[in-house]
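# Breakdown of the fold
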Amino acid sequence: MDLRIFTEPQQGATYDTLLTVAKATEDLGFDAFFRSDHYLRMGSADGLPGPTDAWITLAGLARETKRIRLGTLMTAGTFRLPGVLAIQVAQVDQMSGGRVELGLGAGWFEEEHKAYGIPFPKEKFARLEEQLEIVTGLWATELGKTFDFHGTYYDLTDSPALPKPAQGKIPVLVGGHGATRTPRLAARYADEFNIPFASIEDSERQFGRVRAAAEEAGRSGDDLTYSNALVVCVGRDDQEVARRAAAIGREADELKLNGLAGSPAEVVDKIGRYAETGASRIYLQILDLDDLDHLELISSQVQSQLS
């Protein structure tokens, strides 16, 4: 089971804070550092000192880390034109020496679009499908050849399809809870399918849908990696769990029900139950970015048992 660190910087984080967490992620043996792609805080957090851009952050981290994978859960399709996104991600991949992964979603948080003057189209899913075809098509185009695409929302003519990533193929993540269109999209474009904040039962059901869609599309269901994103709150005892839960504005019992919370043994046991659904990777949502002792505890007493 791969454990990856997943952050939500829109809730309040500087680049320096994210760099500290990313370096701890690397030093403590986690597989990857991922971040969300949002420009506005959610809930009661103050969001100070303000948002950071996902791909500018990852570009910086690409130069200041050496081993960990870097990526997004999920880049909002409403934020960037697909041709520009393909250039940005390929460049960051080059800057990292081939360690980038792209999670791409439709975009959903209307308030942040209003706050920063970003268009929020009504039909987002069909746009996402074209975006995925364009981004992956540009990267896959052979050197010396051009890429054309004429869709409903985007039109590319004689694109040189440059630059190329450092990797032969940048892994693409598609995710969500949709029962029909989401599995179909994952089956066509994704290397990994991620379900965020889902129960064990819902994860098993959705993974099954994606496997079925892959088979229908002519792929083996095993071609994809299956992953979960879950909030994490681990403590050596009940008091430490309660303290960490309170620090992120949650209750320990609720976190145990809806995330990965409790003692290291409890969390290892629950991860094992997710593994039984077919998940081989978990993105641990870390909401208190100043609590590096939390990361050390997860590394030494959770990750060590899983490896």
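That block above? That's the structure.
All figures in this text were calculated on a predicted structure; none of them were measured in a lab.

Attention shifts here to the overall build of the protein. Each helix and strand in the protein was counted, giving 11 helices and 12 strands. Relative to a compact globule of 307 residues, whose C-alpha radius of gyration would be 19 Å, the protein shows 19 Å and is just as compact. Considering only C-alpha atoms, the protein reaches an extent of 60 × 45 × 35 Å along its principal axes. The 307 residues of the protein split such that 54% are buried. Element-wise, carbon and sulfur atoms account for 49% of the exposed surface of the protein, whose accessible area totals about 13500 Å². Across the protein, the 32 positively charged side chains and the 46 negatively charged ones have centroids separated by 3 Å.

The next subject is the pairing of strand β8 (residues 172–175). Look at any regular strand and the pattern is simple: side chains alternate between the two faces of the sheet. Sheet analysis places strand β5 (residues 100–105) next to β8, joined by 2 bridges and oriented parallel. Residue pairing for β8: Leu102 is matched across the bridge by Val172. Sheet topology places β8 next to strand β9 (residues 192–196); 3 bridges connect them, and they run parallel. Within β9, the residue paired with Leu173 across the bridge is Glu192. On the question of chirality, the crossover connecting β8 to the parallel β9 by way of helix α6 (residues 181–189) is right-handed.

Before going further, it helps to spend a moment on the side chain of Glu130. Relative to the assigned elements, Glu130 resides in helix α5 (residues 125–140). Notably, Glu130 is buried but unbridged: the nearest opposite-charge side chain belongs to Arg127, and the N-O separation is 7.3 Å. If sequence neighbours within four positions are ignored, Glu130 has contacts with Phe149, Gly151, Thr152, Tyr153 and Tyr154.

This paragraph deals with the packing of aromatic side chains. Inspection of every chain in the model, using the stated rule, returns 6 aromatic pairs. With a centroid separation of 5.1 Å and 25 degrees between ring planes, the pair formed by Trp108 and Phe109 is classed as stacked. Between the aromatic rings of Phe193 and Phe207, the centroid separation amounts to 6.3 Å while the plane-to-plane angle is 90 degrees, which identifies the pairing as edge-to-face. In this pair, Phe193 is assigned in strand β9 and Phe207 in helix α7 (residues 200–216), connecting sequence segments 14 residues apart. Here Phe193 and Phe207 have matching classes, each one buried. One aromatic cluster is present, formed by Tyr39, Phe79 and Tyr116 through successive ring pairs. Between the NZ or CZ atom of Lys124 and the centre of the ring of Phe120, over which it lies, the distance is 4.2 Å.

Okay, helix α10 (residues 264–275) next. Along an α-helix, residues three or four positions apart point the same way, because every turn accommodates 3.6 residues. In a regular helix each residue adds 1.5 Å, so 12 residues correspond to 16 Å; α10 covers 16 Å between its end C-alpha atoms and thus fits that length. Along α10, the residues that are buried comprise Pro264, Val267, Val268, Lys270, Ile271 and Tyr274. Projected down its long axis, α10 shows its buried positions confined to an angular sector of 165 degrees, all on one face.

Time to look at a negative patch on the surface. Taken together, the side chains of Glu201, Glu204, Asp269 and Glu276 define an acidic patch exposed on the protein surface. Along the chain, Glu276 falls in the loop between α10 and β12 (281–286).

This next bit is on helix α8 (residues 238–247). Turning to α8, its buried residues number three or more, namely Glu240, Val241, Arg244 and Ala245. One side of α8 holds all its buried residues, which, seen down the axis, span an arc of 135 degrees. Residues of α8 that are exposed and angled more than 90 degrees away from the buried face: Asp238, Gln239, Ala246 and Ala247. Lining the buried residues of α8 we find β10 (225–234), α9 (252–258), β11 (260–262) and α11 (292–306). Between the side-chain oxygen of the N-cap and the backbone nitrogen of Gln239 there are 3.2 Å, and the N-cap of α8 in question is Asp237.

Thresholds, definitions, all that
- Residues numbered from 1 in each chain as written.
- Predicted model: local features only at pLDDT ≥ 70, side-chain atom pairs only at ≥ 80, totals over all residues.
- Heavy atoms only, no water.
- Helix = DSSP H or I, 4+ residues; strand = E, 2+ residues; numbered from the N terminus.
- Rg over C-alpha atoms; globule rule 2.2 N^0.38 Å.
- Buried < 20%, exposed > 50% of the residue type's maximum accessible area, 1.4 Å probe, protein only.
- Areas by Shrake-Rupley, 256 points an atom, 1.4 Å probe, with all protein chains shown as cover.
- Lys, Arg positive; Asp, Glu negative; His and termini not counted.
- Charge placed at Lys NZ, Arg CZ, Asp CG, Glu CD.
- Pairing = 2+ DSSP bridges.
- Right-handed = clockwise from strand over helix to strand, strands pointing away.
- Salt bridge = Lys/Arg side-chain N within 4 Å of Asp/Glu carboxyl O.
- Contact = heavy atoms within 4.5 Å.
- Phe/Tyr/Trp six-rings, centres within 6.5 Å; stacked < 30°, edge-to-face > 60°.
- Lys NZ or Arg CZ within 6 Å of the ring centre and 35° of its normal.
- Expected span 1.5 Å × (residues − 1).
- Arc of directions from axis to C-beta.
- Patch = residues over 30% accessible without salt bridge, like charges linked within 9 Å, V, L, I, M, F, W, Y side chains within 5 Å.
- Polar contact = N/O pair within 3.5 Å; in protein donor to acceptor, adjacent residues only side chain to side chain.

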